[in-house]
Amino acid sequence: MLLLLTLLPFAAAAVVAPLWSRAHRFAAGISVLVPLGTAVALLSLAPAVWRGEPLLEPHAWAPSVGVSLSFHLDGLSLLFSLLISGIGALVLLYSQGYLHGSPNLGRFCATLLFFMGSMLGVVLANNLVALFVFWELTSFSSYLLIGFESSRLKARNAALQALLVTGIGGLALLAGAVLLALAAGSYEITEVLAAGGLRQHALYLPILLLILGAAFTKSAQFPFHFWLPSAMEAPAPVSAYLHSATMVKAGVYLLARLNPALGGGAEWPLLLGLFGGATMLIGVVVAFFKNDLKQILAYSTIGVLGTLVLMIGVGTPDAFKAMAAYLLAHALYKGSLFLMSGAVDHETGTRDIGELSGLRRAMPLTAAVALIAAVSMAGLPPTLGFIGKELLYESANHAPAYAWLVTAALAVNGAILFAVAAMAGYKPFAGPLRSPKPPHEAPWTLWTAPGVAAVLGLVLGLAPRAAESAIRSAASAVAGAPVSVELSLFHGFNLPLLLTAAGVIVGGLLYIYRSRIAGLAPRSAPVTAGGVYDRLLAALVGFAALQTRWLQSGYLRAYLKIIILTAVLLGGYALLTRNAAAAALSVSDARFHELIVGGLILAGTIATVRARSRMISVAAVGAVGVGVSLIFVLFGAPDLAMTQLTIEALTVVLLVFVFHHLPDFSLKSRRPVRVLDVALCATAGVFMGALVLAAGAERPWPSISSYFTDNSRDLAGGRNVVNVILTDFRGLDTFGEITVLAIAGIGVYALLRLNMDEIRRREGARTAPSEAAIPAATTAPDRETP
Amino acid sequence: MNSVILSAATVLLKPLLTFISLFVLLRGHNEPGGGFVGGLIAASAFVLQAIAHGVPPARRSLRVRPRLLIAGGLLTAAASGLISVAMGAPFMTGQTYALPVLGWKLSTALLFDIGVYLVVMGAVLHIIFTLVEDAP
Amino acid sequence: MTLVLALTIGLLYGAAMYMIIRRSIVKLVFGLVLLSHAANLLIFTVGGLTRDHPPLAPEQAALPHPPAVADPLPQALILTAIVISFGVLAFVLALVRRTVASAGTDDLDDLRTTEQ
């Protein structure tokens, strides 16, 4: 069932894109109904999960390495997957109006569905490797969606930036997951959570840092937050869906999911509190100074993500409860506001709140939706946002450490967030009508979708009991133990209510005097995380260019020298440090005729190198071959000797025929180069010789040859063991080898025969360069004499 | 190359080499020899002819194109492995049949070696004929 | 005898590498031939040397333990390597021939780019 739910959006994505041009309405229907159906199916599973019976569903994938495609639906997964499918349905509905008439709408919907499947996979996977795979798929689909308007350079750059930042996080996740599985003894998340004792494990700190790296990059925590505002290049539905409601919360999900295993201790609250708190304040303050509607929403999203991380760091059941409630509230209001900003942009042609006011007159429905969402964002009753914020204050007040600091930070955040909410959801709609172009009410698809989300936030605020089960079971999953939750709109007159009232007053003042305060702010920060990213990227590209110039010179011999030098240095180091027992360093065991054969090879080799003409070299290399076959004769290898001799004859024929048409040897290198080359090659030769001696002296493992020798006659019915190995024991290898030979033969034919006409024509035009080259080379005054 | 001695020797040597190559192939399972050496020797017979009389006569006396030898050899080797599949054993399991005459034995290993022989002979001849004919 | 062969192999490798890093494309070909000889001899020698006794099983009697014959496994490896290096050599020669014919040079340094 869970596998089916995860795979269904992928299947829909594959169907929707090709169908779009032929059956547009049908495809559009699929792309809205698939997420809607998923949400309904999840809801039908919900009661059991809320009763405390999570669904576990294993599927074998690669059982030999402990990787399975197992799924797990508990309270946390359910909350996330309901958001993913529910908001997914709204966003896909909205997209039909937002990109109406665009030729790429089919591709857009298909990519959104692809993302939805990946994201469901992230939150439902119960295997660390599967989680990683789906995690990477969300980064990948985010890349495609940010760069959806691929003709714009800014969109492409933003897409690449997001991919690089979240991609590095993905690598950290892979490494962290492997270490985690190593420490816990299983890749199954449920087993990892049940393992216990991970905090005492030697690998705890590396695991913690890697997992935090993954979560912080994905969830745009300071200092990795810069990719999220850049990602606003994406169309509005993408910003609403990926970059506020779901994907950026994957990091929060990861932290919440692993909290029972990794949480507690000293490092976890400290790191999460520090980075979450910093991100929260930076996000909301920067949002306050922005004028672009989407930038305002993006930075306030960063702030909220920081708040959620901070809550996981606080680590009390109350904090998890607040985290779950606030997460749900935020997904509803922020998704709605992003969609609304798209509608405003769509109708007025701008997103600058300085140029917009009074839109309620032209777009009353959009304005109403925006206002409801903004009330939730500001944390005012009677919305879910208010309940979530009250829970934040409450849990901060009872935090186990630094309660006053956390409470103060949250209160400051709440006040500024009030002003930001007014900027986003009130400012463009109030006052006299002002707009670059005369606006009209948006089509129904553009206000229904945000409307449903915003109204849901309001309804859940009025009837909080409806959300109780979802939040309770999610918080229990984070805590790893049952948590009791009772939600109500009014908790009595207490500190949280006081803080809210103070926040409204301060936030209201901030909003009213915003233009004056904005004038006090520095124009630009001296150091920005985005600037650091740009410089790092430029340095990386520069380094790549530098090492390419060094290593990839285009000279074949330069590559070869690097390879030879590396082999000699590494191998030589190993030889020298192993104290290899020296083999018998004596020639006394050699017989006279063997020495003569050795001398023949030596002489032939030297002659091949020193010869002044290629034909002498051909003869000399032939002598080497004959010498080698004699070695084979003397040391019990008649098969090799026969083969080598025949091949030698054929090689000489081949060389004579081909070299006849090629330039002769010529001196090309300068003398110092040759001297250096001789030194390098002499070293390499000495190394290879030493390798032979060391290998001969050492036999760490028994040979498998005796099996072949023992069984050749009785098992394979042949007495020539070499032949039996080739045709029987290792017949498949031989089959591969004769295939290589066949390909070489066909390759020679293809090289020389195909396009021969073209070569002939070119040679005719150039007065046959191959013919002309031979006399030129043979009459060259300086032959190479090494 | 117009050498009377080479030309005359080729007439004698070619059939001899061809015969030797078959002999080496067939005895390969029990004595030194086999498909690789056999194929090389067979190829040398025709290369010798190509040197002495030119490539066209060598191609004519070979009767089939070298690339057909390559293809036939690969198919023979693959077929030898499939025989065991037909018998219900894994791919390339050796099978042996004793012939009722002279105590000879037929085996899939021999069939495989014949495939090797054909591929080696075909590939070498394909290469050398192509390179020699390509001479401008 | 291992010492003699070690010297031979060392010299073969050194010479092969020297020829391979020349600028002349023709010398590169000789380098490859020497290199395959060197590699074959290396495997052969490292596998252990046994004089005069090819790896042939006796007709009837059982084999002595350990078998007093040459190691058949390196031989099987080398046998195919010999034939394949011939195929590779032929391919390289065809490539060299085509390159020299179409680029008009035998200097590897002039062949740095794919454009002519």
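Residues numbered from 1 in each chain as written. Chains lettered and ligands numbered in written order. Predicted model: local features only at pLDDT ≥ 70, side-chain atom pairs only at ≥ 80, totals over all residues. Heavy atoms only, no water.

1. Things to note about the overall build of chain C
For chain C, the count of helices and strands is 3 helices and 0 strands. Listing each helix as α and each strand as β along chain C from the N terminus yields α-α-α. Looking at chain C as a whole, 63% of its 116 residues qualify as buried. For chain C, restricting intrachain contacts to residue pairs at least 6 apart in sequence, the fraction spanning at least 24 positions comes to 59%. (Helix = DSSP H or I, 4+ residues; strand = E, 2+ residues; numbered from the N terminus. Buried < 20%, exposed > 50% of the residue type's maximum accessible area, 1.4 Å probe, protein only. Contact = heavy atoms within 4.5 Å.)

2. Quick word on the overall build of chain A
Counting its secondary structure elements, chain A contains 32 helices and 4 strands. Rg of the C-alpha trace for chain A: 36 Å, well past the compact-globule value of 28 Å for 786 residues, more than 25% over. Its C-alpha atoms put chain A at 110 × 65 × 55 Å along the principal axes. Within chain A, buried positions represent 55% of all 786 residues. Residue pairs at least 24 apart in sequence account for 77% of intrachain contacts in chain A once pairs closer than 6 positions are excluded. For chain A, the computed accessible surface area is about 32200 Å², with 69% contributed by carbon and sulfur atoms. Side chains of chain A give 50 positive and 39 negative charges; the mean places of these two sets differ by 10 Å. (Rg over C-alpha atoms; globule rule 2.2 N^0.38 Å. Areas by Shrake-Rupley, 256 points an atom, 1.4 Å probe, with all protein chains shown as cover. Lys, Arg positive; Asp, Glu negative; His and termini not counted. Charge placed at Lys NZ, Arg CZ, Asp CG, Glu CD.)

3. Remarks on the pattern of salt bridges
With the rule as written, the count across this model stands at 16 salt bridges over all chains. A salt bridge links A:Glu233 to A:Lys154; the shortest N-O distance between them is 3.7 Å. With A:Glu233 in the loop between helix 9 (227-230) and helix 10 (236-245) and A:Lys154 in helix 6 (residues 153-184), this residue pair connects regions lying 79 residues apart in the sequence. Exposure remark for A:Lys154: the relative accessible area of 58% places this residue in the exposed category. A:Glu594 is paired through a salt bridge with C:Arg51; the nearest N and O atoms lie 2.5 Å apart. Residue A:Glu594 is located in helix 24 (residues 592-610), and its partner C:Arg51 is located in the loop between helix 2 (25-46) and helix 3 (72-103); the two belong to separate chains. You can call C:Arg51 partly exposed: its relative accessible area is 23%. Look at the salt bridges and you will find they share partners, linking A:Glu149, A:Arg152, A:Lys154 and A:Glu233 into a network. (Salt bridge = Lys/Arg side-chain N within 4 Å of Asp/Glu carboxyl O.)

4. Focus on the interface of chain C and chain B
On the side of chain B, 13 residues touch chain C, which itself brings 9 residues to the contact. Carbon and sulfur atoms make up 81% of the area that chain C and chain B hide from each other, which totals about 830 Å². Interface area lost by chain C to chain B is led by C:Val83, C:Phe86 and C:Arg97, which between them contribute 52%. Summed over the shared surface of chain C and chain B, the result is 1 residue pair in polar contact (both at pLDDT 80 or more). Considering only residue class, the side of chain C that touches chain B consists of 6 nonpolar, 2 polar and 1 charged. (Buried area = accessible area lost by both parts, 1.4 Å probe. Polar contact = N/O pair within 3.5 Å; in protein donor to acceptor, adjacent residues only side chain to side chain. Nonpolar A, V, L, I, M, F, W, Y, C, P; charged D, E, K, R; others polar.)

5. Overview of the packing of aromatic side chains
All names here are of chain A. Counted under the stated rule, the structure contains 15 aromatic pairs over all chains. Relative to Tyr241, the ring of Phe115 lies with its centre 5.2 Å away and its plane at 85°, an arrangement referred to as edge-to-face. One end of the pair, Phe115, is in helix 4 (residues 105-124); the other, Tyr241, is in helix 10, with 126 residues separating them in the sequence. Judged by relative accessible area, Phe115 falls into the buried class, the value being 0%. Its relative accessible area of 1% is what places Tyr241 among the buried residues. For the ring pair Phe288 and Phe289, a centre distance of 5.4 Å and an interplane angle of 75° mean the geometry is edge-to-face. We classify Phe289 as partly exposed; its relative accessible area is 32%. Here the aromatic cluster, defined as three or more aromatic residues joined through ring pairs, consists of Phe10, Phe114 and Phe140. We note Arg514 situated over the ring of Phe288; from NZ or CZ to the ring centre the distance is 5.9 Å. (Phe/Tyr/Trp six-rings, centres within 6.5 Å; stacked < 30°, edge-to-face > 60°. Lys NZ or Arg CZ within 6 Å of the ring centre and 35° of its normal.)

6. Observations concerning the interface of chain C and chain A
Chain C puts 90 residues into the contact, and the matching count from chain A is 102 residues. Here chain C packs against chain A, burying approximately 8900 Å² in sum over the two surfaces, 74% of which is carbon and sulfur. Between the two partners, chain C and chain A, sit 2 salt bridges. Residues C:Arg22 and A:Asp677 are paired through a salt bridge, measuring 2.2 Å at the closest nitrogen-oxygen approach. Connecting chain C to chain A are 7 residue pairs in polar contact (both at pLDDT 80 or more). Elements that contribute at least two residues to the side of chain C that touches chain A include exactly helix 1 (2-20), helix 2 and helix 3 of chain C.

7. Side note on helix 25 (residues 614-634) of chain A
It helps to recall that an α-helix has 3.6 residues per turn; residues three or four apart then point in one direction. Look at helix 25 of chain A: 30 Å from first C-alpha to last across 21 residues, which is about the 30 Å you get at 1.5 Å a residue. Within two residues after helix 25 of chain A, A:Gly636 carries a phi angle of roughly 70°, on the positive side. (Expected span 1.5 Å × (residues − 1).)

8. Considering the confidence of the model for chain A
Residues of chain A with pLDDT of at least 70 account for 94%, and the chain-wide mean is 87. Contacts from residues 767-786 of chain A, a stretch scored under 50 in pLDDT, to residues over four places away or in other chains number 34 contacts. (pLDDT = per-residue confidence, 0-100.)

9. Remarks on unusual backbone geometry
Omega for the bond connecting A:Phe222 with A:Pro223 falls within 30 degrees of zero, at 5°, which places this linkage in the cis form. Position of A:Pro223 relative to the elements: it lies in the loop between helix 8 (204-218) and helix 9. For the peptide bond that leads from A:Pro381 to A:Pro382, omega is 5°, which places it in the cis range. Within the fold, A:Pro382 resides in the loop between helix 15 (364-378) and helix 16 (384-397). At A:Ala220, a position not held by glycine, the phi torsion is positive, near 50°. With respect to the helices and strands, the residue A:Ala220 is situated in the loop between helix 8 and helix 9. On the basis of relative accessible area, A:Ala220 is assigned to the buried category, the value being 0%. Residue B:Arg63 is not a glycine yet carries a positive backbone phi of 75°. In this fold, B:Arg63 is placed in the loop between helix 3 (55-62) and helix 4 (66-86).

10. What to know about the packing of helix 13 (residues 293-314) of chain A against helix 14 (residues 317-348) of chain A
Residue and element names in this part refer to chain A. Running from N to C, helix 13 and helix 14 cross one another at 170°; their axes reach a closest spacing of 10 Å. Between helix 13 and helix 14, the angle falls in the class roughly antiparallel. Of the residues in the contact of helix 13 with helix 14, the class split is 18 nonpolar, 5 polar and 2 charged. (Axes fitted to C-alpha atoms, helices over the stretch in contact; angles between N-to-C directions. Parallel < 35°, antiparallel > 145°, perpendicular 65-115°, else oblique.)

11. Some details on the side chain of A:Lys389
Residues and elements named next belong to chain A. Within the fold, Lys389 resides in helix 16. One buried charged side chain, Lys389, makes no salt bridge at all; its nearest oppositely charged neighbour is Glu390, positioned 4.3 Å away. In contact with Lys389, other than residues within four places in its own chain, are Tyr326, Ala378, Gly379 and Thr500.

12. Considerations on the environment of A:Arg351
All names here are of chain A. Inspection of the secondary structure assignment puts Arg351 in the loop between helix 14 and helix 15. The residues contacting Arg351, other than those within four sequence positions of it, are Asn291, Asp292, Leu293, Lys294 and Asp345. Separated by 3.3 Å, the side chains of Arg351 and Asp345 make a polar contact.

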